[in-house]
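Coordinate analysis (summary)
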Amino acid sequence: MSDPEPSTPPGWGSLTGPASSRVALVDVNNFYVSSERAFEPSLEGRPLVVLSNNDGCVITRSAEAKVLGIPMGAPWFQIAEQAKDWGLQVRSSNYELYGDMSARVMEVLGRHTTNLEIYSIDEAFLTLNGTHREQHTTGRTIKATVRRNTGLPVCVGIAPTKTLAKLANRWAKGNPHFDGVCHWDLVPQDQRQALLRRLKVTDVWGVGTRNAARLNAIGIDTAWDLAAADPVLIRKRFSVVLMRTVLELQGTPCITSSESTGNEQVLFSRSFANPVNTLDAMRQALSVYAQGAASRLARKNLQGRVLTAFAGTSPFTTGTRSSPSTCIPLQAHTANPLELTRAAHRLLPLIEEGVSYIRAGVIITDLQPVGTQDTLLTLDLDSGANIGRGPGKDTGPLLHEIGQKFGRSAIGLGHAGLKAGSDWTMKRDMLSPHYTTKWADLPVVKAQ
């Protein structure tokens, strides 16, 4: 940038006074690992990894596992033989446990704010009121309460904007001085500047590698450089989205809830434990995945207008290769699991009987919040009562609620009514108990 670098980013002078409200980002530390340790304390201090679908590769590592040099994404079969020598503990992904633990964390967070925005399974933004010191005290209370009520450790970053709250949260994780809670405004300005100068521009929330390369080309290499940039010039050369990031770094809140939730699409896809080579098995899989996507839409209070269904064989197969997909525009925005299942089944004519498929999935796009669709179309398509198309618009939330309470396989419509032992379902040989969602797995404490 040709303009001289200001001593501080514009707007920073206003960050030192008392505030009526600030944004807090609460993030569970190493969520999958922490969820496993919450019910199995013997795992504390021991190297632990959690594996991906079908026990394929490492997707989460404890700090102790990182010390062993186990890389993220390491195939399990490559490290399985050494695991015993390392004392490495391994768990399959327990999505039922993680989903329930996430709900428990969010319930606790909701007690401390009137504005809770769930960002991901282990992160949420909160609005905190009061003075900076009061907000910091609330942050410490949140950290202690989540730990006490769920057994999960969290870090809290508090700042004037969501982008700065992300940085404050990162700082709280990496610097023991904060003891897990960092209030951006309470940190001396020279230290904030030093942090931004150390961070690469790619470390800023929302700056992708493509934009980073273009920013580097004009001399913007660090978070500090981006914070000191001219927002108008950034908008002209890049986009309104990146301009908002600059403004957020400068202390001006401008990322709304709908822009920070990442609701561009809902994906429900799995690899099969055993290849699927019949139409009946593929029909069942697509039914399960479409209804799983409907449940996710219900959880996010969203509806979609376009469904893409796909399947694929292994790229390394010596037999027939097939990667069919189909994109189905729906008649209106919907989260109705019946409508989505019917649409997903339109992939079936493209499936070749006898060919071994190893994956399938559905993607829902063109999303919008429930209640913003045209009311006449809603009456026609989602009521069901008028046109005899079965359960209506409340079916998706109902299935989601039942699945949350009794487990995902407790209920399904039509071909998605799972029987135990479907041979294509996900392989999880090192699965921990469903401590919070199955009575049979309820932890038992024995008094000595």
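Calculation criteria
- For every chain, the first residue of the written sequence is number 1, and numbering continues from 1 onward in sequence order.
- Confidence filtering applies because this is a predicted model: local features only for residues at pLDDT of at least 70, side-chain atom pairs given and counted only at 80 or more, and all residues used for totals across whole chains, interfaces and linings.
- Think of the side-chain values as coming from all heavy atoms in the structure, minus any hydrogens and water.
- By definition, any uninterrupted DSSP run of H or I lasting at least four residues is a helix, any uninterrupted run of E lasting at least two residues is a strand, and each is numbered from the N terminus.
- Any two residues having at least one pair of non-hydrogen atoms within 4.5 Å are treated as being in contact.
- The Shrake-Rupley method, run with a 1.4 Å probe, gives the accessible areas here. Residue values count only the displayed protein chains as cover.
- Note on exposure labels: buried denotes an accessible area under 20% of the residue type's maximum, exposed denotes more than 50%, and partly exposed covers the range between, all computed with a 1.4 Å probe on protein chains only.
- Between N or O atoms, a polar contact is any pair within 3.5 Å; within protein, one atom must be a potential hydrogen donor and the other a potential acceptor, and residues adjacent in sequence are included only when both atoms are from side chains.
- Whether two strands pair depends on DSSP finding at least two bridges between them.
- Structural elements are reduced to axes, namely lines fitted to C-alpha atoms, with helices fitted over the stretch in contact, and the angle between N-to-C directions of any two is expressed from 0 to 180 degrees.
- For salt bridges, the criterion is a side-chain nitrogen of Lys or Arg within 4 Å of an Asp or Glu carboxyl oxygen.
- Take the number of residues in a helix, subtract one, and multiply by 1.5 Å to get its expected span.
- Buried Ala, Val, Leu, Ile, Met, Phe, Trp, Tyr and Cys residues that are joined via side-chain atoms within 4.5 Å together make up what is termed a nonpolar core.

Moving on to the overall build of the chain. Secondary structure summary: the chain contains 16 helices and 12 strands in total. Pairs at least 24 apart in sequence give 70% of the contacts found in the chain among residues at least 6 apart. Put simply, the chain shows about 21700 Å² of open surface, and 52% of that area lies on carbon and sulfur atoms.

Next up on the list: the environment of Ala-144. Inspection of the secondary structure puts Ala-144 in helix α5 (residues 132-150). Sequence spacing of Ala-144 and Val-154 is 10 residues, and the spatial spacing of their C-alpha atoms is 8.6 Å.

What follows deals with helix α14 (residues 337-344). Most of α14 sits out of view: seven of its eight residues are buried. Where α14 is concerned, the buried positions are Pro-337, Leu-338, Glu-339, Leu-340, Thr-341, Ala-343 and Ala-344. Between the side-chain oxygen at the start of α14 and the backbone nitrogen of Leu-338 there is a gap of 2.9 Å, and the oxygen is on Asn-336.

What follows covers the sheet that holds strand β7 (residues 154-159). The sheet built from five strands is open, its strands ordered β5-β6-β1-β7-β8 with mixed pairing. The sheet is open, and its two borders are formed by β5 (116-120) and β8 (181-183), each paired with just one other strand. Sheet twist, expressed as the mean angle between neighbouring strand axes with direction ignored, is 20°. Alignment of β7 against β8, held across three bridges, turns out to be parallel. In the strand pairing of β8, Val-156 is matched with Val-181. Against the sheet, helix α4 (residues 95-110) contacts β1 (21-28), β5 and β6 (123-129), and its axis sits at roughly 155° relative to β5. Relative to the sheet, α5 contacts β1, β6, β7 and β8, its axis offset from that of β8 by approximately 160°.

So, on to the sheet that holds strand β2 (residues 48-51). Reading across from one edge, β3-β2-β4 is the order of the three strands in this open sheet, with mixed pairing throughout. Only two strands of the sheet have a single partner each, and these edge strands are β3 (58-61) and β4 (89-91). When strand polarity is set aside, the average angle formed by the axes of neighbouring strands in this sheet is 25°. Inspection of the sheet shows β2 paired to β4 by three bridges, in the parallel sense. Note on β4: the bridge partner recorded for Val-49 is Val-90. Sheet strands in contact with helix α1 (residues 31-39) are β2, β3 and β4, and its direction is about 110° off that of β2.

This paragraph deals with the pattern of salt bridges. Between side chains of opposite charge, a pair can form when the charged atoms approach closely. Inspection of every chain in the model, using the stated rule, returns 12 salt bridges. Across the pair Lys-173 and Asp-27 runs a salt bridge whose closest N-O atoms are separated by 3.1 Å. Taken together, the positions of Lys-173 in helix α6 (residues 162-174) and Asp-27 in strand β1 put the pair 146 residues apart, joining distant regions of the chain. Lys-173 sits in the partly exposed class, given a relative accessible area of 38%. Of the residues examined, Asp-27 reaches a relative accessible area of 11% and is grouped as buried. Two residues, Arg-283 and Asp-280, come together in a salt bridge whose shortest N-O distance is 3.0 Å. One end of the pair, Arg-283, and the other, Asp-280, are both in helix α13 (residues 279-300), three residues apart, so they sit about a helical turn from each other.

Taking 1.5 Å per residue as the helical rise, α6 with its 13 residues ought to reach 18 Å, and the 18 Å between its terminal C-alpha atoms agrees with that figure. The buried fraction of α6 amounts to 10 of the 13 residues, a majority that puts the element mostly inside the structure. For α6, every residue scored as buried is listed here: Lys-162, Thr-163, Leu-164, Ala-165, Lys-166, Leu-167, Ala-168, Asn-169, Trp-171 and Ala-172.

A few words on the side chain of Thr-161. By the element assignment, Thr-161 lies in the loop between β7 and α6. Here Leu-164 takes part through its backbone nitrogen, which lies 3.2 Å from a polar atom of the side chain of Thr-161.

By the alternation rule, side chains of β2 split into Leu-48 and Val-50 and Val-49 and Leu-51, which are all buried. The pairing of β2 with β3 spans three bridges and is classified as antiparallel. Residue pairing across strands places Leu-51 opposite Val-58, the latter belonging to β3. Taking the residues that link successive antiparallel strands as the turn, the β2-β3 hairpin has six residues, and the phi of Asn-54 there is positive, at about 60°.

One finds Trp-184, Val-207, Leu-215, Leu-226 and Ile-234 to be the most contacted residues of the largest nonpolar core, which totals 36 residues. Of all elements in the fold, only β1, β7, α6, α7 (189-198), α8 (209-217), α9 (223-227) and α11 (240-249) reach the threshold of two or more residues within this core. Sort the elements by how many residues they give to this core and α6 lands first, with six residues. Apart from residues no more than four positions distant in its own chain, Leu-215 is found in contact with Val-201, Val-207, Ile-220, Leu-226, Ile-234, Phe-238 and Leu-242. Within the second largest apolar cluster, 33 residues are counted, among which are Leu-302, Ala-344, Leu-347 and Ile-364.

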